[in-house]
Amino acid sequence: MRTPKCRALKSPRCSQSVALLIACAVALSIGLAAIQARAVEVQRVVSPGGIEAWLVEDHTNPIIALEMSFLGGAALDPEGKAGLANMVASVIDEGAGPLDSQAFQGELDDLSISLHFSAGIDSFGGSLETLTEYRGRAFELLRLALTEPRFDEEPVARIRSQIVASLSRESEDPDAIAGRTLRRLMFQDHPYARPAKGSEASMARITVEDLRRFVAERFVRDRLFVGVVGDITPEQLAAALDETFLALPAKSAPLAVPEATVTGGGEVVVIEKPIPQSVVVLGQSGIKRDDPDYYAAYVVNYILGGGGFSSRLVEEVREKRGLAYSVYSYLAPFDYGAMIGGGTATQNARVGESLDLIRQEWRRMAEAGPSAEELEAAKRYLTGSFPLRFSSSDNIAGMLVGMQLEKLGIDYLDKRNSYIDAVTLDDAKRVAKRVYQPDALTVVVVGTPEGVTATREAPNDGS
Amino acid sequence: MEMASLRRPVATLFARLAGFLALMAAVAAILVPWEEARAKVFDPVSFTLDNGLQVVVVVNRRAPIVYHSMWYRVGAADEQAGESGLAHFLEHLMFKGTKTLKPGEFSEIIAANGGRENAFTSWDYTAYYQTVAADRLEIMMKNEADRMVNLALTDDVVLPERDVVREERRSRIDNEPGSQLGEVSRAVQFLNHPYRIPIIGWDHEIEQLSTEAAVAFYDKWYAPNNAILIVAGDVDPEEVRDLAEKYYGVVPRKDVPERRRVIEPPQNAPREVRLESPRVRQPQISVSYLAPSYRQAAQGDEGNEAYALQVLSEIIGGGATARLYSRLVVEQGIAGSAGAGYNPTNYDYSTFSFYVAPRPGGEVEPLEAALRAEIADLLDSGVTEEEVAAAKKRLVAGAVFARDNLSTAPRVIGAALTTGGSLEQIESWPDGIASVTTRQVNEALKDVLRDEQSVTSYLLPEPTS
């Protein structure tokens, strides 16, 4: 239920966690075979203009959900202009073509069309949901936002001030402080270290020219991935794809994000804040999505602290000792690097004890791996819970985009459980040893913790 | 008031309900589904077992999954003085085993079947749910029925869980100045009614909650005749009936007390609360007014004031072209954010609230004056026919989306039925909205937006001088 990966790293790829889950499927054989047989059918739709989308047709309700993503996200923001992608995402639905901001938003409101954009670290996403009767206009408004955003002075100033306000608010939020500091320590000079929303200083430097250049360079057909669910036929969708996206440039220059290396580690940073509960986050280098060991790592992380009440971290920190409401670990695979993270929040007096327990569990997993029983239980959960992802149109559409971004194949929904099933106890132990490095854990504590000694100063939160 | 405390952290709620204004915004967002029912949208099937358990089934065949939930008509506002937080604490303890299952075993069974679960507590209800493959429904029912009657608690599991709840309180409230202010704001919004007390409880009272108190609360309130079973998903209502009779039908009925809620005295003076902290970087202001819930409005002369107030809320705060945002944020450029919130799905009172935050560096005083001017304008001139028509259209159109997500129907239905609402009321919600007239909106706003029943809350940075 918790999705700390998305939260902690502001990853755009919430859909990715879906894909990850997809990746897991062991078989409860009997019932689940039936489930898979009845799972949704994914169609590949290619428009006359050559634009591809993956579609799950569902005419139960008069609703259409579209999710889209351009490869390339906030990590590509120019030096000194961190937050550019996020600002574009916030402004392109504030007036486009002949419609000024209030006219554009007014039409969305009047027609009950939901249109949102978001900037992730490695991709730029868009999300459209409409009633069938307004389909034509909904796609038209999406096209206008992508191809003719106005960037009028009023909305640009307004959105800039709202982002600055939220940055200012976050500057005293312990979770946000901890997350930013950890990223800075983990990724150092790499763009992944920068906050996707930028800083007050970088926000001040972003010009309308920057916004226009972003739109021209980044909204390009060869980086576009589309997933659609709902009340639309392949023929209707094919036509809509051309009407919506054909105006975009066909080809783009290569993405230029350097590979990130997570080095060092083992450091402890304490940021003093007068709050009754300390927020603790920690991280180390991780494992990428296309690594052959990824599924094994995914299963092992579930056992350590990836969700569920039976995880080792929850058992030791919460259930046995009542030290925290929330304690977790997660995998964060990005396109150009990866980390594994974790965290908790506990009263200041017991931070040292909680941190020791987390480190101890990290070490125990690295040294001995999971037990056969734990592995079996994890596989049963991860495969059995897969169909739960199909609970709403936008969820499914997001999965369709995630599958394309991660090159998982159009038959991934059918195959996913077999990848989880294939993880053996030997795999799990080997991969646990490979990925978990308790001595390399970098720790950030925000609060007034006891029992913790800082080993270095907090890094500059440069951006 | 629909903010619920959950047993397990959920990223969206947990991370985003930071400040009290953020909370209100989130409430407005959460609200949407509550308002989104259309005649025959959910098309529920309902029946009652001999022991008094009401069962509601909503068929949704999108995926071979089922949402199984048990709602008890008891919440934080049913606690006795001095035991604040008990309803929520018991919610946590319901996972601690029964006469036949060890602590956590039900959760293990759910996980082994690929299911997810959680629970939540409000002032008026406590609910437990699992989402699972449809062919596992029977296993969920068997165990949910078990803990309806066989809960077995001992200090060795209860006491650590009490520490967990205190950590939950620190995360949600004590670490967040906005949440601290929200707590105080509620405490003065309600002079007498228990909605003044936080769901999670005051820390000094949570600290004293005992196993015995939890068991007594459970014995008093948890019974089939004080509960509603709501099942949504890929199921056949007749099969649900058979399973419900098999597992829940055997749980004996028992005497459950009537809910005795005190009523508010006349509120004769506006109140102000103010929290200044160096941890506040962006000021925020909210003005909230005591307002009727569905149940209260239904007893009033007009009968549909709660619908009129939803239309009003949509006109004032329903998006980027609504009054407050378009005037204060876009036109005047004085605010960074602005909105309104109203949720009538409470057993007793509701609130109607406005919130604004200045742009960075902006002053609070002129923004408050601008907000007050908007409220005065509403009182003087009312809303227009065009605004009412557009708001009604948006609200009713939005109802279609409520059918999409599997969990929406059970959440809407459970909250309604535990707060005095009915299935008929939910199904006819679009008609209720469509029938609202401009005159009714203008009368409702005059009735509600009265200074003497208001609380103004200021979240402010500590002065540096």
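Residues numbered from 1 in each chain as written. Chains lettered and ligands numbered in written order. Predicted model: local features only at pLDDT ≥ 70, side-chain atom pairs only at ≥ 80, totals over all residues.

Colleague: I tried to follow the overall build of chain A on my own but got confused; where do I start?
Modeller: Assigned secondary structure in chain A consists of 18 helices and 11 strands. Relative to the 2.2 N^0.38 estimate, which gives 23 Å for 463 residues, the radius of gyration of chain A is 23 Å and therefore close to what a compact globule would have. Considering only residue pairs separated by 6 or more positions, chain A has 85% of its internal contacts joining residues 24 or more positions apart. (Helix = DSSP H or I, 4+ residues; strand = E, 2+ residues; numbered from the N terminus. Rg over C-alpha atoms; globule rule 2.2 N^0.38 Å. Contact = placed C-beta atoms within 7 Å.)

Colleague: Would you explain the overall build of chain B in this entry?
Modeller: Within chain B, the secondary structure is distributed over 19 helices and 12 strands. Compactness check: chain B gives a C-alpha radius of gyration of 22 Å against a globular reference of 23 Å for 465 residues, within 12% of the reference. Projected onto its principal axes, the C-alpha coordinates of chain B cover approximately 65 × 50 × 40 Å. Looking at chain B as a whole, 57% of its 465 residues qualify as buried. Considering only intrachain contacts with a sequence separation of at least 6, the fraction spanning at least 24 residues in chain B is 82%. (Buried ≥ 20, exposed ≤ 12 C-beta atoms within 10 Å, placed from the backbone.)

Colleague: What should I look at first to understand the pairing of strand β5 (residues 123-131) of chain A in this one?
Modeller: Looking along a regular strand, one sees side chains alternate from face to face of the sheet. Residues and elements named next belong to chain A. For β5, a buried count of eight out of nine residues is recorded, marking the element as mostly surrounded by other parts of the structure. Pairing analysis gives nine bridges linking strand β3 (residues 63-71) to β5, with the strands arranged antiparallel. What sits directly across from I64, in β5, is T130. (Pairing = 2+ DSSP bridges.)

Colleague: Help me understand the environment of P194(B) in this model?
Modeller: By the element assignment, P194(B) lies in the loop between α7 (177-189) and α8 (203-206). Between the alpha carbons of P194(B) and A81(B) there is a distance of 8.9 Å; along the sequence they are 113 residues apart.

Colleague: Could you clarify how one ought to interpret the packing of helix α4 (residues 84-91) of chain A against helix α10 (residues 208-218) of chain A in this entry?
Modeller: Two packed helices can be described by the angle between their axes and the distance between those axes. Residue and element names in this part refer to chain A. Relative orientation of the contacting elements α4 and α10 amounts to 85°, with a least axis distance of 10 Å. Judged by the inter-axis angle, α4 sits roughly perpendicular to α10. Facing L84, A85, M87, V88 and V91 of α4, the residues of α10 in contact are D210, L211, F214 and V215. Per-class residue counts for the contact of α4 with α10 are eight nonpolar, no polar and one charged. (Axes fitted to C-alpha atoms, helices over the stretch in contact; angles between N-to-C directions. Parallel < 35°, antiparallel > 145°, perpendicular 65-115°, else oblique. Nonpolar A, V, L, I, M, F, W, Y, C, P; charged D, E, K, R; others polar.)

Colleague: Got a minute to help me understand the interface of chain A and chain B in this structure?
Modeller: Accessible area lost upon the coming together of the parts serves often as the stated size of an interface. With 64 residues of chain A at the interface, the matching set in chain B holds 59 residues. Elements that contribute at least two residues to the side of chain A that touches chain B include exactly α1 (4-9), α3 (30-38), α5 (101-110), α7 (153-170), α8 (174-187), α13 (312-319), β10 (337-347) and α15 (372-384) of chain A. If one sorts the elements of the side of chain A that touches chain B by residue count, α7(A) sits on top with eight residues. Tallied by class, the residues present in the side of chain A that touches chain B amount to 21 nonpolar, 26 polar and 17 charged.

Colleague: What is the right way to look at helix α12 (residues 294-305) of chain A in this model?
Modeller: One turn of the α-helix equals 3.6 residues, which is why residues spaced by three or four share an orientation. Residues and elements named next belong to chain A. Over its 12 residues, α12 runs 16 Å from end to end, which matches the ideal 16 Å to within 8%, given 1.5 Å per residue. Burial of α12 is extensive: 12 of the 12 residues sit out of reach of the surface. Listed as buried for α12 are Y294, Y295, A296, A297, Y298, V299, V300, N301, Y302, I303, L304 and G305. Once α12 ends, the next one or two residues include G307, with phi positive near 135°. (Expected span 1.5 Å × (residues − 1).)

Colleague: Sorry if this is basic, but what is going on with the environment of F309(A) here?
Modeller: Here F309(A) shows up in the loop between α12 and α13. Exposure remark for F309(A): the 18 C-beta atoms within 10 Å place this residue in the partly exposed category. For F309(A), the contacting residues outside a window of four places in its chain are V314(A), G104(B) and S107(B).

Colleague: Looking at this structure, I do not really get the sheet that holds β3(A). What am I missing?
Modeller: Consider a sheet: its strands pair through backbone hydrogen bonds, and that pairing is either parallel or antiparallel. Residues and elements named next belong to chain A. Read across the sheet, six strands follow the order β1-β2-β6-β3-β5-β4 without closing on themselves; strand pairing throughout is mixed. Among the strands making up the open sheet, the edge pair consists of β1 (43-46) and β4 (114-119). Across the sheet, the mean angle separating the axes of adjacent strands is 20° when strand polarity is ignored. In the packing of α4 onto the sheet, the strands contacted are β4 and β5, and the crossing angle to β4 comes to about 175°.

Colleague: In this structure, what is going on with the sheet that holds strand β11 (residues 350-358) of chain B? I would like to understand it.
Modeller: Residues and elements named next belong to chain B. One open sheet accounts for five strands, arranged β8-β12-β9-β11-β10; its pairing is mixed. Strands at the two margins of the open sheet, each flanked by one partner only, are β8 (271-277) and β10 (335-342). Along the sheet, successive strands turn relative to each other by an average axial angle of 10°, direction set aside. Of the strands in this sheet, β9 (284-291), β10, β11 and β12 (454-461) touch helix α14 (residues 364-381), which is tilted by about 140° from β11.

Colleague: Just to check I follow, could you spell out the nonpolar core for this structure?
Modeller: The nonpolar side chains of soluble globular proteins are, as a tendency, buried together. Formed by 275 residues in total, the largest nonpolar core has its most connected members in V228(A), V299(A), V300(A), A214(B), L229(B), V311(B) and V356(B). When residues of this core are assigned to their parent elements, the largest contribution, 10 residues, is made by α12(A). Excluding residues within four positions of it along the chain, V300(A) makes contact with M365(A), P370(A), A428(A), V431(A) and A432(A). (Core = buried A, V, L, I, M, F, W, Y, C linked by C-beta atoms within 7 Å.)

Colleague: I tried to follow the packing of helix α3 (residues 86-93) of chain B against helix α9 (residues 211-221) of chain B on my own but got confused; where do I start?
Modeller: Residues and elements named next belong to chain B. Where α3 contacts α9, the axes come no closer than 10 Å and their chain directions differ by 90°. When the axis of α3 is compared with that of α9, the two are roughly perpendicular. Packed against α3, whose contacting residues are L86, A87, F89, L90 and L93, the element α9 presents A213, A214, F217 and Y218 at the interface. Broken down by class, the residue content of the contact of α3 with α9 amounts to nine nonpolar, no polar and no charged.

Colleague: What should I look at first to understand unusual backbone geometry in this one?
Modeller: As a rule of thumb, non-glycine residues mostly have phi less than zero, and peptide bonds are mostly trans rather than cis. Unlike most non-glycine residues, F151(A) shows phi in positive territory, near 55°. Mapping F151(A) onto the fold places it in the loop between α6 (135-147) and α7. Non-glycine residue D43(B) carries a positive phi angle of around 50°. With respect to the element layout, D43(B) can be found in the loop between α2 (20-35) and β2 (45-48).

Colleague: Please clarify how the confidence of the model for chain B should be interpreted in this entry.
Modeller: In low-pLDDT regions, the fine details of the predicted coordinates are not to be read closely. Residues and elements named next belong to chain B. In this model, chain B carries an average pLDDT of 91, and 91% of its residues clear a pLDDT of 70 or more. A low-confidence stretch, residues 1-5 (pLDDT under 50), is modelled with 22 contacts involving residues beyond four sequence positions or located in other chains. Note on residues 10-39: pLDDT under 50 across the span, and 87 contacts to partners over four residues away in sequence or across chains. As a predicted assembly, this complex carries a pTM of 0.91 together with an ipTM value of 0.89. (pLDDT = per-residue confidence, 0-100.)

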